[in-house]
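# Examining the three-dimensional arrangement
Chain by chain, the residues:
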Amino acid sequence: MTEPVFPKSWKKESKPHKFCPGCGQALALKILGYAIDELDIAKKLVYGCDIGCSLLTWDMFNVDTIQTHHGRVIPTMVGFKLAKPEAITIAFLGDGGGYAIGAQHLVNAAMRNDKITVILINNANYAMTGGQLAPTTLVGQKTDTTPNGRDEAVFGNPIHGPEMIAAIAAPGAYIARTTSNNFEDCKDKIKKALQNQIDGKGFSFVEILSMCPVNWKTNTVESLEYVDKNMANIFPLGEIKND
Ligand SMILES: Cc1ncc(C[n+]2csc(CCOP(=O)(O)OP(=O)(O)O)c2C)c(N)n1
Ligand code: SF4
C-alpha cells in the first residue's frame, strides 16, 4: 500500500482527539481532514456534528462548526446552505441520529436533493450512551439492550441507509458506502461527495462502517475483522448512486 501524502499543514495543526483508543470515527475524521485539505475548501466550509460520539469533534477542525441534537444536524446544515449557498456544508452524525431519531430529516433532505454532504458513521450501535441496539445492529449482534443478540423476529433486519435513500434521491445525488479501515477508498468517497456539492449537483451521502471496540468489547484484530468481514458482508461497499 502506498503511504498517504500528508498535507504540509497537518503536523503543526494536529492535536489529540477525544475518542476511545481504536475508535473508527477518529480514523474517519482524520480522513475527512485530508479530504478538506486536498480540496482546499476549509475557508468555505461549515462543519456540523450531532449528538453521540460525533459531538467529540465540536472543536476538532479549524473551521466554523455547529453542534446539534440527535439527527438535527441535517436540517441545520440544510438551513445554513439555503442562507449561504456559496458555503460548503457537512453534516456528520451517527447511525442512531441519522436512521432512528433523525431519519425523517435524512429522508427529506435526500428527497429535496438538498445540496449538502452528509457523512454518517455506522458502528452498529448507540455508542455514546453505552452500546444499545441501533437500526444498524447486525442480526445476532449482542448489545446492552439485546444481551442475547439482535433477534430478527423482534427487531427485523438492520437498515440499509444508503440503499434506502438512493431509492428516493433525485438525479445528481451521490451516495456511497466505505469503511474507515480503508484510508484511500474512504478519502475517495468523501472527496467525491464533497465535489458533488462543490459542482452544485445535489445531495451527497457517505456511510462509513466504523469500529467501536469499547462497546463491541473487541480487541484490535477482532474490531478490524468485524468491520471488514461481518459488517461489509451485510452492508455492501461501493457507490450506490453516482449519476
Ligand atoms: C433528541 C435526543 N434523544 C436522545 C438523546 C440521547 N442520546 C445521546 S447520544 C445517543 C446515541 C447516539 O448514537 P449514534 O447516533 O449512533 O452515535 P454514536 O454515539 O454511535 O456515534 C442518544 C440516544 C439525545 N441526546 N437527544
Ligand atoms: S464509544 Fe465507540 S464510537 Fe464512541 S468514541 Fe468510543 S470507540 Fe468510538
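These remarks concern the structure in this document. Note that the structure is predicted; figures quoted are calculated from it, not measured.

Cut-offs and rules
- Position numbers for residues count from 1 along each chain, tracking the sequence in the order it is written.
- Both sets of labels track the order of writing: A upward for chains, 1 upward for ligands.
- Totals for whole chains, interfaces and linings use every residue, but because this is a predicted model, local features are given only for residues with pLDDT of at least 70 and side-chain atom pairs only at 80 or more, for both listing and counting.
- Only heavy atoms go into the side-chain values, all of them from the structure, while hydrogens and water stay out.
- Classification of residues uses two cut-offs on accessible area relative to the type maximum, computed with a 1.4 Å probe and protein chains only: under 20% is buried, over 50% is exposed, and between them is partly exposed.
- Numbered from the N terminus, helices here are DSSP runs of H or I no shorter than four residues, and strands are runs of E no shorter than two.
- Throughout, the arc means the angular range of directions from the helix axis out to the C-beta atoms.
- In this description, contact between two residues means that some pair of their heavy atoms is separated by no more than 4.5 Å.
- We define proximity as follows: a residue is near a molecule or strand when any one of its heavy atoms falls within 4 Å of that partner.
- Put simply, Ala, Val, Leu, Ile, Met, Phe, Trp, Tyr, Cys and Pro go in the nonpolar bin, Asp, Glu, Lys and Arg in the charged bin, and everything else, Gly too, in the polar bin.
- Two strands are said to pair when DSSP picks up at least two bridges between them.

Bringing helix H5 (residues 103–112) into the picture now. Every buried residue of H5 is listed here: Ala103, Leu106, Ala109 and Ala110. The buried residues of H5 occupy an angular sector of 135° when the element is viewed end-on, so they sit on one face. Two residues or fewer past H5, asparagine 113 is found with a positive phi of approximately 60°.

Moving on: the environment of leucine 133. In this fold, leucine 133 is placed in the loop between strand S4 (117–122) and helix H6 (152–155). Sequence separation of leucine 133 and leucine 82 is 51 residues, and the distance between their C-alpha atoms is 34 Å. If we skip the residues at most four places from it in the chain, leucine 133 touches Tyr126, Thr143, Thr145, Thr146, Arg150 and Phe155.

In the region of ligand 2, the neighbouring residues are Phe19, Cys20, Cys23, Gln25, Cys53, Asn123, Ala127, Cys212, Pro213 and Asn215. Tallied by class, residues from the shell around ligand 2 come to seven nonpolar, three polar and no charged.

The buried count for S4 comes to six of six residues, which makes it a mostly enclosed element. Residues Thr117, Ile119 and Ile121 line one face of S4 and the alternating positions Val118, Leu120 and Asn122 line the opposite face, and both faces are buried. Looking at chain direction, strand S3 (residues 88–94) and S4 are connected through five bridges and run parallel. Its bridge partner being in S4, isoleucine 90 is matched across the sheet by threonine 117. Examined bridge by bridge, S4 and strand S6 (residues 204–209) share six bridges and lie parallel to one another.

Let us look at unusual backbone geometry. A positive phi is found at aspartate 40, a non-glycine position, where the angle reads about 55°. Looking at the element boundaries, aspartate 40 is found in the loop between helix H2 (24–39) and strand S1 (45–49). One non-glycine residue, lysine 217, lies in positive phi territory at about 60°. Tracing the backbone shows lysine 217 in the loop between helix H9 (213–216) and helix H10 (220–234). By relative accessible area, lysine 217 is classed as exposed at 63%.

On their own, these measurements won't tell you what the molecule is for.
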